[in-house]
Amino acid sequence: MSSGSKKIAGLTGRVFLVLLWALPLLLALQVAGAWRMKDMKSYLLVASRAKDAYEHDWVKRTRAADSLSKPPRRLLPGPRPPREDARDATPEERAQLAQDRNELILVCDAEGHVKEKYLPSREPELARLGEAFMPGMPMWQGFAPYVAGDIEATVKRSAQGGHGLFQAREYPFTFPDGSEDCFDVAFLSTNTFEPIDEVPVFVQLSMWRVLWESFRPDYYLERNNDLFTDMSFWTNRRGWRSPEVAVPKPEGIYRIVCIGGSTTVEGPNNDMTYPRMLEANLREALSTDKIEVVNCGIYGYDSVRELAKFDDYLALEPDLILHYNFINDFNGALETFRQRARDERTAAVVDFTNWFYPLQHFANGLLMPSDAGLRDIIGERVFANHEKMLAKARAAGVEMAYATYAHHDMARLPLAEQNYYAQHSVQLSNWNLSLATQNHVIDIYNTMLREFTEREHAYFLDVAGSVTGGLDVFTDAVGHMHLEGIERKAESLAAMLESVVKRRLEQPVETNASSPPAVAEPRN
């Protein structure tokens, strides 16, 4: 064998030995990472603390019940018999149940085909929906194609038993004339695992008029679950989770419109949202009832939808529009983040993080785009929309305030809590980012927000600097809050806006479409 061949053979042997040693090491790291993520002792301890936080919310809401606002009487459904009464009921009893609950009842066989239907007489849209179903047709026919599979799977799963009252999600439906509406669908199963021959399905109007776009006006919803939480949600005649808004605006009123996604809408009662708490705090601090704060948050909204909805915000004649949001833009940008990371680094290594625990959960920040790359993406996807919204507001003589997005205190958050959030929180896209990586991106957004407001002379409200924590504040990884956090957010915003509102009450800004209001001073 030649000397060259011997060198190649020697090199090949060394590479083989390295790979031979590396494989067990990689497997060990994988097992160690999986074990750390699924450490049951730590998980149970943290889960118990999370349950305590939910129970604390429930206690606070219960104690405050007498002082909380009630929905208008016209929205209340009144006493209704339980849906469970549909089990083993006669056709006459089911027909009466549909009237008493004001819901459409479809009785399906185990394969999801409609056997019987019972139409309510007091809700035209539900009666119209019921007329679209014929005996023998699949229940999912007519619903949007992208939810048909979910409906089929859910009704079949309900027929297997063991699910109790299985609440499905909101489903859009297209009528034969091409019009659309959205419906809330619940599948009645059993608490035993005995298969059943038929599945009663209850359909009521959804909270959505257009799914993920607008709430239904004059709508009331009350829900309960087993996490010590319950929610009373209702909308005004304009479809906002707020009291009625007078337009034209009464003289002397200072009106703030809060825009954003679920972190603006959230709260177990309309009064227990941050906009309503902000209103109460400002009124108390300034000893006046001339301040109105309107909750214009909508679940799932990002800056693209906010820009599209902006004329509706302006129609409320606000003096100030307050923006608090980012996580939905973050989710929308994840695929762009991934592609930019693949461009900056090697595609194979980036994709490897979805399999390899140590990188996936503890070091995936190294495989994100560079900070400069992240800033470019956030600028293109978010701040371009902020600029357009600010221009529209100023053209209407309305001031804008931008709040930083609050997140967890990573310096003090135990690993067990980070793992709890990773396993039991809303998942962002299909890239399993660690909490530390996600919050690093939020910090970049918050820094850019400060720069944006300084450059544009807009209000900067540093909520993230005032509200942080762990299970006592946040219900999940993406920034939804317990009542403790919602209250702190409202208090923080009120403290930062108090001088601004006081000054504007004393010296109102004149609406002038040709020149934007001066707002350089209020960066608190």
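Rules used throughout
Residues numbered from 1 in each chain as written. Predicted model: local features only at pLDDT ≥ 70, side-chain atom pairs only at ≥ 80, totals over all residues. Heavy atoms only, no water. Helix = DSSP H or I, 4+ residues; strand = E, 2+ residues; numbered from the N terminus. Buried < 20%, exposed > 50% of the residue type's maximum accessible area, 1.4 Å probe, protein only. Pairing = 2+ DSSP bridges. Axes fitted to C-alpha atoms, helices over the stretch in contact; angles between N-to-C directions. Contact = heavy atoms within 4.5 Å. Parallel < 35°, antiparallel > 145°, perpendicular 65-115°, else oblique. Left-handed = near helix turned anticlockwise from the far one by under 90°. Nonpolar A, V, L, I, M, F, W, Y, C, P; charged D, E, K, R; others polar. Polar contact = N/O pair within 3.5 Å; in protein donor to acceptor, adjacent residues only side chain to side chain.

Peer 1: Tell me what's going on with unusual backbone geometry, and back it up with residues and numbers.
Peer 2: The omega angle of the peptide bond from Val247 to Pro248 is 5 degrees, so this bond is cis rather than trans. Along the polypeptide, Pro248 turns up in the loop between strand E9 (230-234) and strand E10 (254-260). Phi is positive for Asp88, close to 55 degrees, though the residue is something other than glycine. Checked against the element boundaries, Asp88 lands in the loop between helix H2 (40-63) and helix H3 (91-101). Looking at Asp88, the relative accessible area reads 81%, which means it is exposed. In this model, Trp212 sits at a positive phi of 65 degrees, which is unusual for a non-glycine residue.

Peer 1: Got a sec to walk through the sheet that holds strand E12 (residues 320-324)? Specific residues and values, please.
Peer 2: Pairing between the strands of a sheet is mediated by backbone hydrogen bonds and can be parallel or antiparallel. Ordered in space as E11-E10-E12-E13-E14, the five strands form an open sheet in which the pairing is parallel. Across the chains shown, the open sheet's two edge strands, defined by having one partner strand only, are strand E11 (291-295) and strand E14 (459-461). Taken over all neighbouring pairs, the strand axes of this sheet differ in orientation by 20 degrees on average, direction set aside. Taken together, the three bridges between strand E13 (residues 399-403) and E14 define a ladder with parallel strand orientation. The residue of E14 that forms the bridge with Ala401 is Tyr459. Across the sheet, helix H15 (residues 435-456) touches E12, E13 and E14, and the angle it forms with E14 is around 155 degrees. Helix H16 (residues 483-506) rests against E10, E11, E12, E13 and E14 of the sheet, and its axis sits at about 145 degrees to E10.

Peer 1: Residue-level account of the pairing of strand E4 (residues 180-188), with values.
Peer 2: Burial analysis of E4 places eight of its nine residues in the buried class, the great majority of the element. Summarising the sheet, E4 and strand E5 (residues 198-205) pair through five bridges and their orientation is antiparallel. Among the inter-strand pairings, Ala186 is bridged to a residue of E5, identified as Phe202.

Peer 1: Before we move on, can you summarise the packing of helix H10 (residues 327-344) against helix H13 (residues 371-395) with the specific residues and values?
Peer 2: At a closest axis distance of 10 Å, the pairing of H10 and H13 adopts a crossing angle of 140 degrees. Regarding the angle of H10 to H13, the classification is oblique. Of the two possible hands of crossing, H10 and H13 adopt the one that is right-handed. Residues Asp329, Gly332, Ala333, Thr336, Phe337, Arg340 and Glu344 of H10 touch H13, and the partners they reach there are Gly373, Leu374, Asp376, Ile377, Glu380, Arg381 and Val382. Classifying every residue of the contact of H10 with H13 gives five nonpolar, three polar and six charged.

Peer 1: If you had to explain the side chain of Arg255 to someone new, which residues and values would you point to?
Peer 2: Counting through the fold element by element, Arg255 comes out in strand E10. Of note is the side chain of Arg255, whose polar atom sits 3.0 Å from the backbone oxygen of Ala246. Sequence-distant contacts of Arg255, that is, excluding residues within four places in its chain, are made with Val245, Ala246, Val247, Lys249, Pro250, Glu292, Val294, Leu316, Glu317, Pro318, Asp319 and Leu320.

Spatial relationships are all this shows, so hold off on functional conclusions.
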